[in-house]
Amino acid sequence: MADGSAGKATPEHFPEHFDVLIVGAGLSGIGAAWHIQHEARPARSYVILEGRDAIGGTWDLFRYPGIRSDSDMYTLGYAFKPWTQAKAIADGPSILKYVRQTAAENGIERHIRFGHKVTAAAWSSEDARWTVTARTDDGAVRTFTAGFVFLCGGYYSYDGGYLPEFPGYARFKGRLVHPQQWPEALDYTGKRVVVIGSGATAVTIVPEMARRAAHVTMLQRSPTYVVSRPAEDAMANGLRKWLPPMVAYNIVRWRNVLFGMWFFRLARNKPDAVKKNIIDMVRAQLGPDYDVETHFTPRYNPWDQRLCLVPDADLFAAIKAGTASVVTDHIETFDETGIQLKSGKRLAADIVVTATGLVLQVMNGLSLTVDGRPVDPGQTLSYKGMMYEGVPNLASAFGYTNASWTLKCDLTCEYVCRLLNQMARTGNRQVTPRNADPDIERQPWLDFSSGYVQRAMEKFPKQGTKAPWKLHQNYALDLMSLRYAKLDDGVLEFSNRAPAKGKVAA
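Keep in mind that this is a model prediction, so the values were computed, not measured.

About the thresholds
Residues numbered from 1 in each chain as written. Predicted model: local features only at pLDDT ≥ 70, side-chain atom pairs only at ≥ 80, totals over all residues. Heavy atoms only, no water. Helix = DSSP H or I, 4+ residues; strand = E, 2+ residues; numbered from the N terminus. Contact = heavy atoms within 4.5 Å. Salt bridge = Lys/Arg side-chain N within 4 Å of Asp/Glu carboxyl O. Buried < 20%, exposed > 50% of the residue type's maximum accessible area, 1.4 Å probe, protein only. Disulfide = S-S within 2.5 Å. Pairing = 2+ DSSP bridges. Axes fitted to C-alpha atoms, helices over the stretch in contact; angles between N-to-C directions. Expected span 1.5 Å × (residues − 1). Arc of directions from axis to C-beta. Parallel < 35°, antiparallel > 145°, perpendicular 65-115°, else oblique. Nonpolar A, V, L, I, M, F, W, Y, C, P; charged D, E, K, R; others polar. pLDDT = per-residue confidence, 0-100. Core = buried A, V, L, I, M, F, W, Y, C linked by side-chain atoms within 4.5 Å.

Visitor: Sorry, what's going on with the side chain of His-295 here?
Guide: Following the sequence through the fold, His-295 ends up in helix 9 (residues 292–295). Those residues within four positions of His-295 in sequence are excluded, and the remaining contacts are Gln-220, Pro-223, Tyr-290, Val-326, Val-327 and Thr-328.

Pasting the structure below:
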């Protein structure tokens, strides 16, 4: 394991230099650190720059009622650390504890610099290193240098979520809350609550708030596919009684991976059949008299947007109990005490929760330059969904849209370590994806129709029509591409060998 003291500042050594600089101390960043410690040879010095003051990323930032995963923890968990809790669909505090335990057990905490928000990175081929700029909590600017930069800061801005310009929004005299900035002391006991939205956050908040509120209304413009599954995995809990934790974990992990790939492929090939099956399950939950056609039948096909998961059918239970309801309509205007709808109906509210989405952010919001040339991410091709055309020694951890985030991130971390090891063996200091194929066509990085995706895709890198520029969204294919495929693929350019001692690089 690399000793963090290797990068500590001395009067003769400034700015601090590290072999690897990781941006973000959330689920991805802590995982990246583990892989670098255990798989990069020889041992590498590294630092994690975290803009906030705590480990956990998403799982520390979001504090809204009922915060939980919408993926099972046997695939959202790390490949190297088994999930051993009873609930497969875990609550946010349990996931946060899991991430922090991983950091503590592996000595990762001492490598983290909190309150360091990375703002820019500049690559110099002459020096074969990045110069990274970070702003600290006290407003100071710090610089670091690194041989490799690994962006693990997620895919959205932590500064605030997306909020449409609702007419009359400022007139409302009640409490307005966005889930990304949830007030710690918000008391909604006995209150009338309207939750605007129909995505994963909304379907999580509604049944949880309905336990204490007078009534919770989920106001949506259009329906989303909602599926229920048990919060606990009976097979997983049973296997742990008889098998070592890691063995049981891997069996359930692969079962879930294979089922997820099969279901996604089925949805793409037979969308009408999958749609009917999902809607029939909702109808079975809510009964024949409920208007499933209006409130739970989307206009798009399954997996054109991400499906919403409700553990143990909690949303449907709240609707049947009368503590929650769904209204499908458009907002005409806010007024002082509620929301007027275009249908003529009105929703009275003491609290309005705007679960209206995230603001996607490319490359963790960094400003990048390569040898003085600004990098426009939207004009680059994405190499294997993790590196960028013409950008040396930089990778991003970005998970799947149709499966658990960590599945792809674990493979990306392995691949980064393979690159580091290859450069160490050959003496090359630089690895850069280069596209020399004129027949490669450029396509949007993601093909989801979700609003939060469509608002940002122009700024994101593009995928190509052929490997290794094409995104698979398939764990099995990525496993072969990232773990087993040769590095010398005609696209990665290894260069910039270290000068011999006593000689000056040309």
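Now that the structure is up, let's keep going.
Visitor: Help me understand the pattern of salt bridges in this model?
Guide: Two side chains that carry opposite charge are able to pair once their charged atoms sit near each other. Overall, the coordinates contain 23 salt bridges when judged by the stated rule. Between Glu-16 and Arg-142 there is a salt bridge; the shortest N-O distance is 2.8 Å. Pair noted here: Glu-16 is in strand 1 (residues 16–23) and Arg-142 is in strand 6 (residues 141–151), with a separation of 126 residues, a long-range link. A salt bridge links Glu-414 to Arg-483; the nearest nitrogen and oxygen atoms lie 2.8 Å apart. Placement of the pair is Glu-414 in helix 11 (residues 405–426) and Arg-483 in helix 13 (residues 475–484), with a sequence separation of 69 residues. For Glu-414, a relative accessible area of 14% gives the class buried. Look at the salt bridges and you will find they share partners, linking Arg-52, Asp-60, Arg-63 and Arg-100 into a network.

Visitor: Would you mind showing me how to read the state of the cysteines here?
Guide: Should the sulfur atoms of two cysteines be covalently bonded, the bond is a disulfide. Tallying each qualifying case throughout the model produces 0 disulfides. Distance from the sulfur of Cys-417, which forms no disulfide, to the nearest cysteine sulfur (Cys-413) is 7.0 Å. The buried category is assigned to Cys-417, whose relative accessible area is 1%.

Visitor: What is the right way to read the sheet that holds strand 12 (residues 324–328) from this model?
Guide: Backbone hydrogen bonds hold the strands of a sheet together, and the pairing may be parallel or antiparallel. With respect to topology, 5 strands assemble into an open sheet ordered 7-16-8-9-12, the strand pairing being parallel. Two strands close off the open sheet at either side, each with one partner strand: strand 7 (175–177) and strand 12. When strand polarity is set aside, the average angle formed by the axes of neighbouring strands in this sheet is 20 degrees. Direction of pairing for strand 7 relative to strand 16 (residues 351–354): parallel, over a ladder of 3 bridges. Paired with Val-177 across the two strands is Val-353, which belongs to strand 16. Contacts from helix 5 (residues 200–209) reach strand 8 (192–196), strand 9 (215–220), strand 12 and strand 16, with the element oriented near 165 degrees to strand 9.

Visitor: What is the right way to read helix 13 from this model?
Guide: For an α-helix the count is 3.6 residues per turn, leaving residues at separations of three or four pointing the same way. Where helix 13 is concerned, the buried positions are Tyr-475, Asp-478, Leu-479, Ser-481 and Leu-482. Where the residues of helix 13 are buried, they touch helix 7 (245–269) and helix 11.

Visitor: Is there a simple way to explain helix 8 (residues 271–286) in this structure?
Guide: Look at helix 8: 23 Å from first C-alpha to last across 16 residues, which is about the 22 Å you get at 1.5 Å a residue. Those residues of helix 8 not exposed but buried are Pro-271, Val-274, Ile-278, Ile-279, Val-282 and Leu-286. Looking down the long axis of helix 8, one finds its buried residues gathered within 125 degrees of arc, a one-sided arrangement. Exposed side chains of helix 8 directed beyond 90 degrees from the buried face belong to Asp-272, Lys-276 and Ala-284. Contacts made by the buried residues of helix 8 are with strand 10 (226–229), helix 7, helix 9 and helix 10 (314–321). Directly after helix 8, the chain includes Gly-287, whose backbone phi takes a positive value near 95 degrees.

Visitor: Where do I start with the packing of helix 7 against helix 13 in this structure?
Guide: The packing of two helices is summarised by the inter-axis angle and the distance between the axes. Where helix 7 meets helix 13, the closest approach of the two axes is 9 Å, and the angle between their N-to-C directions is 115 degrees. Classified by the angle between their axes, helix 7 and helix 13 sit roughly perpendicular to one another. Facing helix 7, whose interface residues are Trp-254, Val-257 and Met-261, helix 13 presents Tyr-475, Ala-476 and Leu-479. Here the residues of the contact of helix 7 with helix 13 are counted per class, giving 6 nonpolar, no polar and no charged.

Visitor: What is the right way to read the confidence of the model for the protein chain from this model?
Guide: Detailed reading of predicted coordinates is not advised where the pLDDT is low. Mean pLDDT for the protein chain: 92, with 95% of residues reaching 70 or above. Ignoring residues within four places in sequence, the model shows residues 1–13, a span with pLDDT below 50, making 20 contacts including any to other chains.

Visitor: Help me understand the nonpolar core in this model?
Guide: Burial of nonpolar side chains together is a common tendency in soluble globular proteins. In terms of nonpolar packing, the biggest core is built from 151 residues, with Ile-22, Ile-30, Trp-130 and Phe-296 touching the most fellow members. In terms of residue count, the dominant contributor to this core is helix 11 (11 residues). Discounting residues that sit within four places of it in the chain, Phe-296 has contacts with Pro-223, Thr-224, Val-226, Ile-279, Val-282, Leu-286, Tyr-290, Leu-315, Phe-316, Ile-319 and Val-326.

Visitor: Sorry if this is basic, but what is going on with the environment of Gln-101 here?
Guide: Its place among the elements puts Gln-101 in helix 4 (residues 92–105). The partly exposed category is assigned to Gln-101, whose relative accessible area is 32%.

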